[in-house]
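Structural overview
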Amino acid sequence: MMDQTVYESEYATNSKKIDCRKIVFASDFDDTLYHHDKRGLLESDVEAIEKFQKAGNIFVLCTGRPAILRDDIQDLIKDRIRFDYEIYSCGSMILDQNQQVILS
């Protein structure tokens with residue numbers, strides 16, 4: 001296993017170790033994160049995602065939907081989940097947490 005510990009600054013006299021391990025978890029939307037059988041978002045999923053992100057991990061929406069349907073997704077989840085990144089059209093557009101395009 002590779003050592004994933006790096007030092008804050010190789011030049012600092014009192015440099016400290018920083019743990020760079022994070023988990024990146026991506027979820028599909030339709031009938032994975034959001035259930036169209038009238039269940040919608042599961043409260044247990046929302047709570048687990050919040051706990052996961054508070055631990056410093058990254059949660060990503062990864063959907064085949066085009067980015068033009070982003071507002072529809074936000075209407076369905078009602079701001080209950082904050083995505084760190086959003087991937088649309090199976091990877092043809094990626095947005096950061098500020099909805100800025102970082103790949104198109």
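As the structure is a prediction and not an experimental result, all values here were calculated from the model. (Residues numbered from 1 in each chain as written. Predicted model: local features only at pLDDT ≥ 70, side-chain atom pairs only at ≥ 80, totals over all residues. Heavy atoms only, no water.)

Some remarks on the side chain of Gln53
The topology assignment puts Gln53 in helix H1 (residues 43-54). Overall, Gln53 belongs to the buried group, its relative accessible area being 12%. Beyond its immediate sequence surroundings of up to four residues, Gln53 is in contact with Phe59, Arg82 and Asp84. (Helix = DSSP H or I, 4+ residues; strand = E, 2+ residues; numbered from the N terminus. Buried < 20%, exposed > 50% of the residue type's maximum accessible area, 1.4 Å probe, protein only. Contact = heavy atoms within 4.5 Å.)

A few points about unusual backbone geometry
Peptide bonds are mostly trans, and most non-glycine residues show a negative phi. If you check the backbone angles, Lys38 has positive phi at about 80° while not being a glycine. Examined against the element boundaries, Lys38 turns out to sit in the loop between strand E4 (34-35) and strand E5 (40-41). Taking relative accessible area as the criterion, Lys38 reaches 83% and is therefore assigned exposed. A positive phi angle is found at Cys90, which is not glycine, with a value near 55°. In this structure, Cys90 sits in the loop between strand E7 (85-88) and strand E8 (93-96). Residue Cys90 is classed as exposed on the basis of its relative accessible area of 67%.

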